[in-house]
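# A look at the structure
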Amino acid sequence: MYDSALVQPFRDELTQLGVTELLTPEDVDTALRQPGTTLVFVNSVCGCAAGSARPGLRLSLLSETKPDHVVTVFAGMETEATERAREYFKPYRPSSPQIALMKDGQLVKMLQRQDIEGQDAVSVGETLSATYKEHC
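Our subject in this report is the structure included herewith.

Scoring rules and cut-offs
Residues numbered from 1 in each chain as written. Predicted model: local features only at pLDDT ≥ 70, side-chain atom pairs only at ≥ 80, totals over all residues. Heavy atoms only, no water. Helix = DSSP H or I, 4+ residues; strand = E, 2+ residues; numbered from the N terminus. Rg over C-alpha atoms; globule rule 2.2 N^0.38 Å. Buried < 20%, exposed > 50% of the residue type's maximum accessible area, 1.4 Å probe, protein only. Polar contact = N/O pair within 3.5 Å; in protein donor to acceptor, adjacent residues only side chain to side chain. Contact = heavy atoms within 4.5 Å. Axes fitted to C-alpha atoms, helices over the stretch in contact; angles between N-to-C directions. Parallel < 35°, antiparallel > 145°, perpendicular 65-115°, else oblique. Left-handed = near helix turned anticlockwise from the far one by under 90°. Salt bridge = Lys/Arg side-chain N within 4 Å of Asp/Glu carboxyl O. Patch = residues over 30% accessible without salt bridge, like charges linked within 9 Å, V, L, I, M, F, W, Y side chains within 5 Å. Areas by Shrake-Rupley, 256 points an atom, 1.4 Å probe, with all protein chains shown as cover.

### Considerations on the overall build of the chain
Across its full length, the chain holds 6 helices and 5 strands. Scaling as 2.2 N^0.38, a compact globule of 136 residues should have a C-alpha radius of gyration of about 14 Å, and the chain matches this with 13 Å. If one aligns the C-alpha atoms of the chain with their principal axes, the spans along those axes are about 40 × 30 × 30 Å. For the chain, the proportion of its 136 residues judged to be buried stands at 49%.

### Brief notes about the side chain of R11
Topologically, R11 is positioned in helix 1 (residues 4–15). The class for R11 is buried, based on a relative accessible area of 10%. Within the structure, R11 has its side chain in polar contact with the side chain of E78 (distance 2.7 Å). The residues contacting R11, other than those within four sequence positions of it, are E21, L23, N43, F74, M77 and E78.

### Looking at the packing of helix 1 against helix 3 (residues 47–60)
Contact geometry for helix 1 and helix 3: axes closest at 10 Å, N-to-C directions at 15°. In terms of axis orientation, helix 1 runs roughly parallel to helix 3. For the crossing formed where helix 1 meets helix 3, the hand is left-handed. Between helix 1 and helix 3, the residues in contact are F10, E13 and L14 and R54, P55, L57 and R58, respectively.

### Details of the pattern of salt bridges
Applying the stated criterion to the full structure yields 8 salt bridges. Here E13 ties to R54 by a salt bridge, and the two come within 2.9 Å at their closest N and O atoms. Here E13 is found in helix 1, whereas its partner R54 is found in helix 3, with 41 residues between them in sequence. Overall, the relative accessible area of 1% leaves R54 in the buried class. What you see here is one network of salt bridges that share partners, running through D29, R33, R84 and E87.

### A few points about a nonpolar patch on the surface
A cluster of nonpolar side chains, L59, L62 and V122, forms an exposed patch at the surface whose accessible area comes to about 280 Å². Looking at where V122 falls in the secondary structure, it is placed in helix 6 (residues 121–135). Residue classification places V122 among the partly exposed residues on the basis of a relative accessible area of 45%.

Take a look at the structure:
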């Protein structure tokens, strides 16, 4: 587990956007079983989360079309909640960061670390915005 003071700014970056933190496996089950579309952001301390994933999410949420719900789990912090979220992402392997779009409880789009790493925030935001237009 990381030092909670170290990760707080990374949490705040998302919660200030209105993203809901999921802290327990039960929180995850409740959130991911909701009808409609739910974006799940697996937050991380890595550089690609800071440089492109979180800023890309912020840009995507400026889109006219967005998911009904946006939630996050933090890899390396709420281990059990993150593990539960990743059960919904199968057959994709665990990745940090990781961004999944669920529709009526089913996975419809996944961005893995390798899809984010090396991309800038604008590219990640555009990919997410296009995903929203297609599925939301």
